[in-house]
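Descriptive analysis of the structure
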Amino acid sequence: MKNPLNTEEAKNISISELIRKLSSDSSGLSTTEAEKRLQQFGPNEIPEKKTNPVIKFLSYFWGPIPWMIEIAVVLSAVIGHWEDFAIILALLIVNATVGFGQEHQAGNAVEALRSRLALKARVLRDGKWREATARELVPGDVLRVRLGDIVPADIKLIDGEYLLVDESALTGESLPVEKHVSDISYSSSIVRQGEMNALVITTGMNSYFGKTTKLVEEAKTRSHFQKAVVKIGDYLIALAAALVAIIFVVALLRYASVLETLQYALVLTVASIPVALPAVLTVTMAVGAVALAKKEAIVSKLVSIEEMAGVDVLCADKTGTITENKLSVAEVKHMKGFTDEDVLLFGALASREEDQDPIDNTVLAKAKDLNLIEKAESYTRVAFKPFDPVSKRTEATLEDVGKRQFRVAKGAPQAILSLIANSDAISKEVDESVNAFAEKGYRALGVAKANMVNDWQFVGLISIYDPPREDSAKTIETAESMGVNVKMVTGDHIAIAKEVAGEVHLPTNIISASAFISNKNESEAQKLVEGADGFAEVFPEHKYRIVELLQNAGHIVGMTGDGVNDAPALKKADAGVAVAGATDAARSAADIVLTKPGLSVIVDAISESRRIFQRMNSYSIYRIAETMRVVIFLTLAIVIFNFYPLTAIMIVMIAMLNDIPIMMIAYDNAKTLQKPVRWHMRHVLTLAISLGLMGVVSSFLLFWIALEILRLDALTVETLMFLKMTVGGHMTIYLARTGENRFWTRPLPSIRLFGAAELTQLGGTVLAVYGVLMSPLGWALAAFVWAYAFSAFVITDSVKVLIYRLAKRSRT
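This one's a predicted model, so the numbers in the text were calculated from it and none came from an experiment.

**Here we look at the sheet that holds strand β13 (residues 405–411)**
Ordered by their spatial adjacency, 6 strands build an open sheet running β10-β15-β14-β13-β12-β11, and the pairing between neighbours is antiparallel. Strands at the two margins of the open sheet, each flanked by one partner only, are β10 (328–334) and β11 (380–385). Each neighbouring strand pair of the sheet contributes to a mean axis angle of 20 degrees, computed without reference to strand direction. Pairing geometry for β10 and strand β15 (residues 456–465), over 5 bridges, is antiparallel.

**Description of the sheet that holds strand β8 (residues 297–299)**
Across the sheet, which stays open at both edges, the 8 strands sit in the order β8-β21-β20-β19-β9-β16-β18-β17 with mixed pairing between neighbours. Because the sheet does not close on itself, it has two edges, and the strands there are β8 and β17 (510–512). Averaged over all neighbouring strand pairs, the angle between strand axes comes to 20 degrees, with direction disregarded. Taken together, the 5 bridges between strand β9 (residues 313–317) and strand β16 (residues 485–489) define a ladder with parallel strand orientation. By the bridge assignment for β16, Cys315 is matched with Lys487.

**Structural notes on the pattern of salt bridges**
Applying the stated rule across the entire model yields 21 salt bridges. Between Arg545 and Glu548 there is a salt bridge whose closest N-O contact spans 3.0 Å. Here Arg545 pairs with Glu548, and both are found in helix α23 (residues 540–552), just 3 residues apart, close to one helical turn. With a relative accessible area of 18%, Arg545 lands in the buried category. The exposure class assigned to Glu548 is partly exposed, which follows from its relative accessible area of 23%. A salt bridge links Arg737 to Asp668; the shortest N-O distance between them is 2.8 Å. Taken together, the positions of Arg737 in helix α29 (residues 714–737) and Asp668 in the loop between α27 (648–663) and α28 (681–709) put the pair 69 residues apart, joining distant regions of the chain. Note on Asp668: relative accessible area 5%, which makes it buried. Taken together, the salt bridges that share partners define one network made up of Arg144, Glu195 and Arg352.

**Examining the environment of Ala670**
If you trace the backbone, Ala670 turns up in the loop between α27 and α28. Overall, Ala670 belongs to the buried group, its relative accessible area being 16%. With 58 residues separating them in the primary sequence, Ala670 and Ile612 have C-alpha atoms 7.6 Å apart. Those residues in contact with Ala670, other than ones at most four positions away along the chain, are Arg611, Gln614, Arg615 and Pro747.

**Considering the pairing of β16**
Buried residues dominate β16, accounting for 4 of its 5 residues. Strand direction decides the pairing type here: β16 and strand β18 (residues 534–536), joined by 2 bridges, are parallel. Within β18, the residue paired with Met488 across the bridge is Gly534.

**Side note on a nonpolar patch on the surface**
Taken together, the side chains of Leu759, Leu762, Val766, Tyr770, Val772 and Trp779 define a hydrophobic patch exposed on the protein surface, amounting to about 630 Å² of accessible area. At 4 residues, helix α30 (residues 751–770) tops the list of elements feeding residues into the nonpolar patch. Inspection of the secondary structure assignment puts Tyr770 in helix α30.

**Some words on helix α22 (residues 522–531)**
Burial in α22 covers these residues: Ala525, Gln526 and Val529. Looking straight down α22, one finds its buried side chains confined to an arc of 100 degrees; they lie on one side. Residues of α22 that are buried in the fold lie against β16, α21 (513–517), β18 and α23.

**Observations concerning the pairing of strand β2 (residues 128–133)**
Pairing between strand β1 (residues 120–125) and β2: 6 bridges, direction antiparallel. Its bridge partner lying in β2, Arg125 is registered against Lys128. Following β1, the chain reverses through 2 residues before pairing antiparallel with β2; Asp126 in that reversal takes a positive phi of roughly 55 degrees.

**So, the nonpolar core**
The biggest cluster of nonpolar side chains holds 79 residues, and the ones touching the most others in it are Tyr264, Leu268, Leu634, Leu646, Leu720 and Phe722. Of all the secondary structure elements, the ones that give two or more residues to this core are α9 (224–253), α10 (258–272), α26 (599–641), α27, α28, α29, α30 and α31 (779–811). Per-element accounting of this core gives the leading share, 14 residues, to α26. Excluding its chain neighbours within four sequence positions, the residues that come into contact with Phe722 are Leu646, Met650, Met653, Ile654, Leu657, Gly764, Leu767, Ala768 and Met774. In this structure, Leu281, Ala497, Ala501 and Ala575 belong to the second largest nonpolar core, which totals 41 residues.

**Observations concerning the side chain of Asp317**
On the secondary structure map, Asp317 appears in strand β9. A relative accessible area of 10% means that Asp317 is categorised as buried. There is a polar contact of 2.8 Å between the side chain of Asp317 and the side chain of Lys543.

The rules behind each value
Residues numbered from 1 in each chain as written. Predicted model: local features only at pLDDT ≥ 70, side-chain atom pairs only at ≥ 80, totals over all residues. Heavy atoms only, no water. Pairing = 2+ DSSP bridges. Helix = DSSP H or I, 4+ residues; strand = E, 2+ residues; numbered from the N terminus. Axes fitted to C-alpha atoms, helices over the stretch in contact; angles between N-to-C directions. Salt bridge = Lys/Arg side-chain N within 4 Å of Asp/Glu carboxyl O. Buried < 20%, exposed > 50% of the residue type's maximum accessible area, 1.4 Å probe, protein only. Contact = heavy atoms within 4.5 Å. Patch = residues over 30% accessible without salt bridge, like charges linked within 9 Å, V, L, I, M, F, W, Y side chains within 5 Å. Areas by Shrake-Rupley, 256 points an atom, 1.4 Å probe, with all protein chains shown as cover. Arc of directions from axis to C-beta. Core = buried A, V, L, I, M, F, W, Y, C linked by side-chain atoms within 4.5 Å. Polar contact = N/O pair within 3.5 Å; in protein donor to acceptor, adjacent residues only side chain to side chain.

Functional significance is not addressed by these values, which are geometric in nature.
Set out below in structure tokens:
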């Protein structure tokens, strides 16, 4: 196939012509040919719209806040304050560099995580089926697409019975479309049923989806936390603007220089506004996402970290999450007229090894142990219907050596029983056997055989055992101690669910899905689901209802899933978790994708998310407190005492020194809270306002001591207050990060945060002592400021704890 087909050619070409264009040995492309075409057509991906780095950097000089700094720079030059001009210009460049650098770092981290979530495809290369990343596909490749796959490129179906494809992302059509041989299926559609082989026609930006995305801009979503913190930023801007306006008006009434007053007002406004807010939030979440990835939990949406931190109910799949997902055949039960070997033989014939389905593999492995595979290979498979969640069975049409055809089926016992004409005569025996298996924790599979006129016979039952993970019981206990109620979800019989629940020390109040699905009363259904410890006989569509009822009861819900039909529930959940080995559709719908099986990974992800939340919470408290401390103190000192405690250049230097430790909050050690966390604006404001007002009081007291007791001159007072604002401001970080606890409470600050805070404090001290761009203070007064600031820090910490206790008492 030297010249790959385009979509139009593929629509018109017949299957016979198409097959002729394929390699004569039907081995697909060779690796060498595929590499050539990859160079010719480029990778099968739709590149994100990226801004030129230079333009991105320059954008940090554009907008209301940079404009204010730029005006201040111009005014400094006009009035001849060249030192101010240099420092304010440096602030502008530092802000742009830090913002650009942090956003670039966060972007790289997110890009690395996305690469781990890349779509995979089963492709025929060099005559062998192998797994490849979707970006490696080229026109001419032969693929196998099956239930749960996201179609990785525009393809033409060439072999198989049918596909039921969801094309709603492309066409807006809500109902799945049935596709057959010679039909075209487009990139990014989702396979809901069936399995077929297909030929890749077009890839990347040449695909139908690629051309469509050129017209679409992706909207970025913000979490509740981000919205709340941005709202805090708006309040701080309003507060700063109001107080600076007062300073400006008072200064004009005192006949101060208009240009100098305007310059001072602009500088104070800029220093008070949380310029680093977007960068701190993005970096904190990106750093947290990298930490989560190390724990085998990949975040597909950064904002989902907040929701994961607040999860108080976790609905966990039994298979693969609570259990090992290492299946083995426990027992076999044959029906009259058949033997155990018949049950396993026909079960193996209704399985297909290349699908790598866990249940198929288990049945085939047992058949191999009993030397039944040679006998199975004597039959020719004519057709095969893979498992789908609706029929809940697999089915194969076979031909024996005498050219006689027959069919076999394997699946859920009730689904197999429904095929039997005289099912009433054997249903009691089947149900008793299924229940007996279930009481031992075994899952039952029914096996049936029929001639070509639908005369089905129930051959027997195969019991499958999946033991609980060794760490499941301990992990569930840990989750419960963290305030997370774990509810087990399974499609298995209720007796199996109770048996497994008992083995992992979960309560055994397990209810079947019919209990809440059939209940028309919303409040009663809600109480049933809320009070249950788990759910059995659950179909994927029932998961959505479970999430909905729990959310209506006020819970933040985590839901695990792996199948294509789990996608709606994963999207509906506050934190949708695609477990290891999940289908493409489930992974794309989930907020977090696990790369390692087990419940412990989810609990680790919840713990890490809570630590990330704590860091963002600490920053919010610090930012409000620091703005109040600086702006209110300066405003009152200027209005009441007609004294400017800080020069414009000092305000700029404080802002620059503050930015360094703020960026290290993302790397701080944080305590894992033992209960789900939610955004409480009232608590944040209570702590922040108390810290801010205590800072104002301590600053005024030092200001009074400097003027009235020490009798220092005006220039020395300015330097003294500069050092107090620098040292005291950095100490506020330690107060904010520990919340209602004392500042020495573990975990202690990280080396990065502590080092950044102390080095900038030391830098500010050196500037003040030796009088760089200010009057020299000397080591004696500097030591006095440090002692005073630390004393105020300890007192403020005690007041903070007292206020928290009073607030908690008033709530109870």
